[in-house]
Amino acid sequence: MSTTILNFEKKEIVAESREAAVEQVESTMFHVNGDATQAYKNWKSKQTQGITERDVKAFMLDYLAKKGKNCPGAGYMITIESSVSDTRERPYKIDDIKGDGKRKFKTFYKWVDRETKTVVCQVDTNKVDAKNAIKELYKSGKYKGNADLVKTKDVIEGQAVVATAQYTPSKNTKKGTWIAFGIKA
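Residues numbered from 1 in each chain as written. Predicted model: local features only at pLDDT ≥ 70, side-chain atom pairs only at ≥ 80, totals over all residues. Heavy atoms only, no water.

Colleague: Could you clarify how one ought to interpret the sheet that holds strand E1 (residues 8-15) in this entry?
Modeller: Hydrogen bonds between backbone atoms are what pair the strands of a sheet, whose relative direction is either parallel or antiparallel. Strand order in the open sheet made by the 4 strands is E1-E9-E3-E2, with mixed pairing throughout. Pairing within the sheet leaves two strands with one partner each, and these edge strands are E1 and strand E2 (31-35). The sheet shows a mean angle of 30° between the axes of neighbouring strands, taken without regard to direction. Judged from the 6 bridges that link them, strand E3 (residues 74-81) and strand E9 (residues 176-183) form a sheet pairing that is antiparallel. Note on E9: the bridge partner recorded for Gly75 is Gly182. (Pairing = 2+ DSSP bridges. Helix = DSSP H or I, 4+ residues; strand = E, 2+ residues; numbered from the N terminus. Axes fitted to C-alpha atoms, helices over the stretch in contact; angles between N-to-C directions.)

Dropping the structure here:
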């Protein structure tokens, strides 16, 4: 066992899949070179007495020295509990909402900012009035960005929501647990 490794790091990862766990580790800590689950299980089965955190760390350091040659930026993962992905064919539920009567619509001209996608101003009359409204905002200095004129129809009377949708995964779906260990670069 080598005790000269100063950048050893171990972290427990909870994610929806192994790929998501690897992505989470590689974006923050180190590159995952492989899977050490089977070696960990074999080592654990050979232990006759209790296993402490110090023993587990010694296994990890030995594994890094043997497999990774103590290379900075290299690491491995141990699967503690596998994830169970969503297996439903249609993982959604859509409910229609019955309206109380007729819906009445009104046409609006809306100036939408190109970058933030927020409504700068809106007019319910015509396109010429909408152009004049944006001109006034530019002249007064209240708005200094780029905008697009969008013609929309909004519900002014009646209920605007006509259906709702919910995501419903299968009952057995669960996140997995992995331990990532390695040498931080």
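Moving on from the coordinates now.
Colleague: What is the right way to read helix H2 (residues 37-46) from this model?
Modeller: An α-helical turn contains 3.6 residues, so any two residues separated by three or four positions project in the same direction. Within H2, burial applies to Thr37, Tyr40 and Trp43. For H2, the buried positions fall inside an angular range of 130° around the axis, keeping them on one side. Residues of H2 that are exposed and point over 90 degrees away from its buried face: Ser45 and Lys46. Here the buried face of H2 lies against E2, helix H3 (53-67) and E3. (Buried < 20%, exposed > 50% of the residue type's maximum accessible area, 1.4 Å probe, protein only. Arc of directions from axis to C-beta. Contact = heavy atoms within 4.5 Å.)

Colleague: Would you take a moment to explain the pairing of strand E5 (residues 104-113) for this structure?
Modeller: Examined bridge by bridge, E5 and strand E7 (residues 147-157) share 10 bridges and lie antiparallel to one another. If you follow Val112 over to E7, its bridge partner there is Asp148. Across 4 bridges, the pairing between E5 and strand E6 (residues 119-123) is antiparallel. When the sheet's bridge partners are listed, Val112 is paired in E6 with Val119. Linking E5 back to E6 in an antiparallel pair, the connection comprises 5 residues, with Lys117 at a positive phi of about 60°.

Colleague: I'm lost on the nonpolar core in this one. Help?
Modeller: For soluble globular proteins, the rule of thumb is that nonpolar side chains tend to be buried together. The biggest cluster of nonpolar side chains holds 15 residues, and the ones touching the most others in it are Phe59, Met60, Ile78 and Phe181. Taken together, the elements giving at least two residues each to this core come down to H2, H3, E3 and E9. Considering each element in turn, this core owes the most residues, 6 residues, to H3. Leaving out residues up to four positions away in the same chain, Phe181 has contacts with Phe8, Glu9, Lys10, Phe30, Ala36, Met60, Tyr63, Leu64, Gly75, Tyr76 and Ile78. (Core = buried A, V, L, I, M, F, W, Y, C linked by side-chain atoms within 4.5 Å.)

Colleague: How should a positive patch on the surface be read in this particular structure?
Modeller: On the surface, Lys46, Lys66, Lys67 and Lys69 cluster together into a positively charged patch. On the secondary structure map, Lys67 appears in helix H3. (Patch = residues over 30% accessible without salt bridge, like charges linked within 9 Å, V, L, I, M, F, W, Y side chains within 5 Å. Areas by Shrake-Rupley, 256 points an atom, 1.4 Å probe, with all protein chains shown as cover. Salt bridge = Lys/Arg side-chain N within 4 Å of Asp/Glu carboxyl O. Lys, Arg positive; Asp, Glu negative; His and termini not counted. Charge placed at Lys NZ, Arg CZ, Asp CG, Glu CD.)

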